[in-house]
Each structure stands twice: as structure tokens, then as C-alpha cells.
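Given next are the chains, with one letter for each unit.
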Amino acid sequence: MPTAIVTGSGGLVGSESVRHFIGVGYDVIGLDNDMRAQFFGPDATTRRLSEVLKERYAEFHPLDVDIRDSERIDRIFAQHAQQLAIVVHAAAQPSHDWAASDPQTDFTVNANGTLNLLEAARRRAPDATFVYVSTNKVYGDLPNELPLMELETRLDLPEDHPWYRGIDTSMSIDGSTHSLFGVSKAAGDLLVQEYGRYFGMPTVCFRGGCLTGPNHAGAQLHGFLSYLMRCTMTGESYTVFGYGGKQVRDNLHSADLVAAFAAFHASPRAAAVYNIGGGRESNCSMIEAIELCQEIAGRSLDWELSDK
């Protein structure tokens, strides 16, 4: 039976990956030490979902592992090297603001942790597909330099703009403000590409926007759509930061993202990079998202606009 290693296995994308690969006949080794609860508080814990997966699937083998522990990571890869077919690396510190509060932890998790996994894969199972859950934040604030028009409920590109249907990977990652989170994720992204090119490994970076799905433990600092709906349902106040609420967020369901992982794994290549999102069919501005949440919930959201 083939084996998959999934990091961040109790999180949104990780748990979706666990279910998918078990469903197609894999044993799954899950690596998750619930740092999300440390980042965002007990409501954001991944431990509950990890327990649910453990109870539901005999093929799921969760391990409490910090991806910064290079020696333990190497031992795990060595133990499963013979059957290891794919690595899905979904563990991360995912917040801009949290990164600024503790840059060293942010960087060691996002960059050094990725390096540990890549090196273990190179040494123990170099033919295994390596999937990295990257982010569109590797582009920093360069999208703000596009010729955006202010419409009634959103900022948007002119219809004749070449990127009206979506921004491709020809956009530079240089000359922009990324946030420290964007920098640490870009470091991981470049490492994944380099291991693909330099060592000929089948690696891929999926640069997503706002990922969502039923297992998202949304918090103010990360998981906007989940957190927005929770606030709408519970009456908790919500703050929109800047841009008059007209900033557009691209939303992609975690199941669709994992389907893309599987499609790449079926026909892998070295150093692939994809911008991936839901596109115009599923994007929304903050104002539009609030209106939709209120309509679905049948109640009003208590929200305010901050200039920050």
C-alpha cells in the first residue's frame, strides 16, 4: 500500500488531504503538533479534528511532530521511504500579523521546516511527489500597483486587462512589501522549486489565496471566510481593515485544492509552480462577503471599518 506524509494534518488543507488519499488507497502519516492553537488561541486548535480523523480512519497514523525537528523528520521519512509516494506539506504559520510578533518562529516554521522536509525527501524518497501549499502573498503588495477601478462594491481590473481573468506567474515577486509571513513562505516556495530543479525531484508550489472549507478553524488573523461567518452567526463584532471594504478575496475550497494535488501527482514534473484560486466564480469583496453571510445566516453582522 502506498504511503502519503501530510504535514499540518489536523488543519484545513491537511485534513482534506488525509481524507482524499485514504479514499484512494493510501496509508497516511500525519504530522501536526497543534501550533495553530499557540498562534491563534484554543478556538483554533487542530487537535479535535486530528482525533476525529484518527477515530474514523484506521489508515491514518497521526504523530505529534514539530517540522523544525530535522532529526525526527528524517527518521520518519527513513521509516516509510520504501512506500512513500507523496508528501503534502500544509503545515505553516499562516498570519501576517503573527509573523511580525515573532519573526524567528515564523521563519523557522515556514522556511526551515520546509527545508527539513525537502532534505528528508531527497535523502530517503527522492521520487516521491512533493506538494507545497504556498501562497499568493509571495507577490507581496504588487497587485495594488495594477490599474484598479473603484466600483460600487469592489476594486476591479478593466475587462480588457490581460489579468482580468486571473494573475499568472509572470508577475514578479520582487520590489514589493510582502510582510514577514510573505517572505518566509516565499523562502519555502523557492526552496521547493530549487530542490526540483537542482536535484530533479518532482516538486510543485500551489500559490493559493483564501482557502476555505468545512474544517477551517477561522480566527481574526487567519481564515477570513470561516471567521466572518462565525461572527455573523454568533453576534461577535467583526472589523474590516482598510480599502473601504472593497478589497477582493479569492476563495478556493480545500477539496478542489486537494484535487489539484492529486492531478499533479498523477503526472508530476520538477519545479512546477501554479497560481491557484477559485477565480471570478468564487471571489468577493469584503462588502460582498458580508452581504452574502447575512443573507445565508438570516441576521445582520455587527461590523466596523478600520483605517488600519
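The present account deals with the structure reproduced in this document. Note that the coordinates shown come from a computational prediction; the quantities given were computed from them, not determined experimentally. (Residues numbered from 1 in each chain as written. Predicted model: local features only at pLDDT ≥ 70, side-chain atom pairs only at ≥ 80, totals over all residues. Heavy atoms only, no water.)

Digging into the overall build of the chain
Phase 1 of the analysis: When helices and strands are tallied, the chain shows 10 helices and 14 strands.
Phase 2 of the analysis: Across its three principal directions, the C-alpha atoms of the chain cover 55 × 40 × 35 Å.
Phase 3 of the analysis: By the burial criterion, 52% of the 308 residues in the chain qualify as buried.
Phase 4 of the analysis: In the chain, of all internal contacts separated by at least 6 residues, the share reaching a separation of at least 24 is 78%.
Phase 5 of the analysis: Split by element, the accessible area of the chain, about 14300 Å² in all, is 49% carbon and sulfur. (Helix = DSSP H or I, 4+ residues; strand = E, 2+ residues; numbered from the N terminus. Buried < 20%, exposed > 50% of the residue type's maximum accessible area, 1.4 Å probe, protein only. Contact = heavy atoms within 4.5 Å. Areas by Shrake-Rupley, 256 points an atom, 1.4 Å probe, with all protein chains shown as cover.)

Some remarks on unusual backbone geometry
Phase 1 of the analysis: We note that S179 has phi near 75 degrees; this positive angle belongs to a residue other than glycine.
Phase 2 of the analysis: Take S179: it is sitting in the loop between strand 7 (155–156) and helix 7 (180–199).
Phase 3 of the analysis: The partly exposed category is assigned to S179, whose relative accessible area is 25%.
Phase 4 of the analysis: In this model, Y243 sits at a positive phi of 60 degrees, which is unusual for a non-glycine residue.
Phase 5 of the analysis: Along the chain, the position of Y243 falls in the loop between strand 10 (238–241) and strand 11 (248–253).
Phase 6 of the analysis: According to the relative accessible area criterion, Y243 is exposed, its value standing at 54%.

So, the sheet that holds strand 12 (residues 272–276)
Phase 1 of the analysis: Taken in spatial order, the 7 strands make up an open sheet running 3-2-1-4-5-8-12, and their pairing is parallel. Whereas interior strands pair on both sides, the edge strands pair on one side only; in this sheet they are strand 3 (60–63) and strand 12. Strand-to-strand twist of the sheet, defined as the mean angle between neighbouring strand axes without regard to direction, takes the value 15 degrees.
Phase 2 of the analysis: In the sheet, strand 5 (residues 129–135) pairs with strand 8 (residues 203–208) via 6 bridges, with the strands oriented parallel. (Pairing = 2+ DSSP bridges. Axes fitted to C-alpha atoms, helices over the stretch in contact; angles between N-to-C directions.)

Here we look at the sheet that holds strand 9 (residues 210–212)
Phase 1 of the analysis: Strand order in this open sheet of 3 strands is 9-11-13, and the pairing throughout is mixed. Each edge of the sheet is formed by a strand with only one pairing partner; in this case those strands are strand 9 and strand 13 (283–285). Sheet twist, expressed as the average angle between the axes of neighbouring strands with direction ignored, equals 35 degrees.
Phase 2 of the analysis: Where strand 9 meets strand 11, 3 bridges bridge the pair, whose relative direction is parallel.

Focus on the packing of helix 8 (residues 224–234) against helix 10 (residues 286–297)
Phase 1 of the analysis: Across the interface, helix 8 lies against helix 10 with an axial gap of 10 Å and an inter-helix angle of 45 degrees. Judged on the interaxial angle alone, helix 10 and helix 8 are oblique. Of the two possible hands of crossing, helix 8 and helix 10 adopt the one that is right-handed. Counted together, F224, L228, M229, T232 and M233 of helix 8 and M286, A289, I290, C293, Q294, I296 and A297 of helix 10 form the full contact between these two elements. (Parallel < 35°, antiparallel > 145°, perpendicular 65-115°, else oblique. Left-handed = near helix turned anticlockwise from the far one by under 90°.)

Topic: the pairing of strand 11
Phase 1 of the analysis: Bridge count between strand 11 and strand 13: 3 bridges; the pairing is antiparallel. Counted as the bridge partner of R249 is C284 from strand 13.

Remarks on the nonpolar core
Phase 1 of the analysis: The biggest cluster of nonpolar side chains holds 31 residues, and the ones touching the most others in it are I5, L31, I73, F77, L84 and F130.
Phase 2 of the analysis: Where this core is concerned, the elements lending two or more residues are strand 2 (27–31), helix 2 (35–40), helix 4 (70–80), strand 4 (84–89), helix 6 (103–124), strand 5 and helix 7.
Phase 3 of the analysis: Looking at which element gives the most residues to this core, the answer is helix 6, with 5 residues.
Phase 4 of the analysis: If you look at the next biggest cluster of nonpolar residues, it comprises 29 residues, including V133, V204, L252 and F261. (Core = buried A, V, L, I, M, F, W, Y, C linked by side-chain atoms within 4.5 Å.)

Focus: the side chain of H80
Phase 1 of the analysis: Here H80 lies in helix 4.
Phase 2 of the analysis: Using a relative accessible area of 15% as the deciding quantity, one classes H80 as buried.
Phase 3 of the analysis: Not counting residues within four places of it along the chain, the set of residues in contact with H80 comprises T3 and I29.

Here we look at the packing of aromatic side chains
Phase 1 of the analysis: Within this structure, the stated rule accounts for 8 aromatic pairs.
Phase 2 of the analysis: When the ring of F39 is compared with that of F40, the centres are 5.9 Å apart and the planes differ by 65 degrees; the resulting orientation is edge-to-face.
Phase 3 of the analysis: F39 gets classed as buried once you look at its relative accessible area, which sits at 8%.
Phase 4 of the analysis: Between the aromatic rings of Y195 and F199, the centroid separation amounts to 5.0 Å while the plane-to-plane angle is 55 degrees, which identifies the pairing as tilted. Taken together, the residues Y195 and F199, both in helix 7 and 4 residues apart, mark about one turn of the helix.
Phase 5 of the analysis: For Y195, a relative accessible area of 9% translates into the label buried.
Phase 6 of the analysis: An aromatic cluster is defined as three or more aromatic residues linked by ring pairs; in this entry it consists of F39, F40 and W98.
Phase 7 of the analysis: Over the aromatic face of F199 sits the side chain of R122, whose NZ or CZ is 4.6 Å from the ring centroid.
Phase 8 of the analysis: Just above the ring of Y164 sits the side chain of R280; from NZ or CZ to the centre is 3.6 Å. (Phe/Tyr/Trp six-rings, centres within 6.5 Å; stacked < 30°, edge-to-face > 60°. Lys NZ or Arg CZ within 6 Å of the ring centre and 35° of its normal.)

Just geometry here; none of it tells us what the structure is for.
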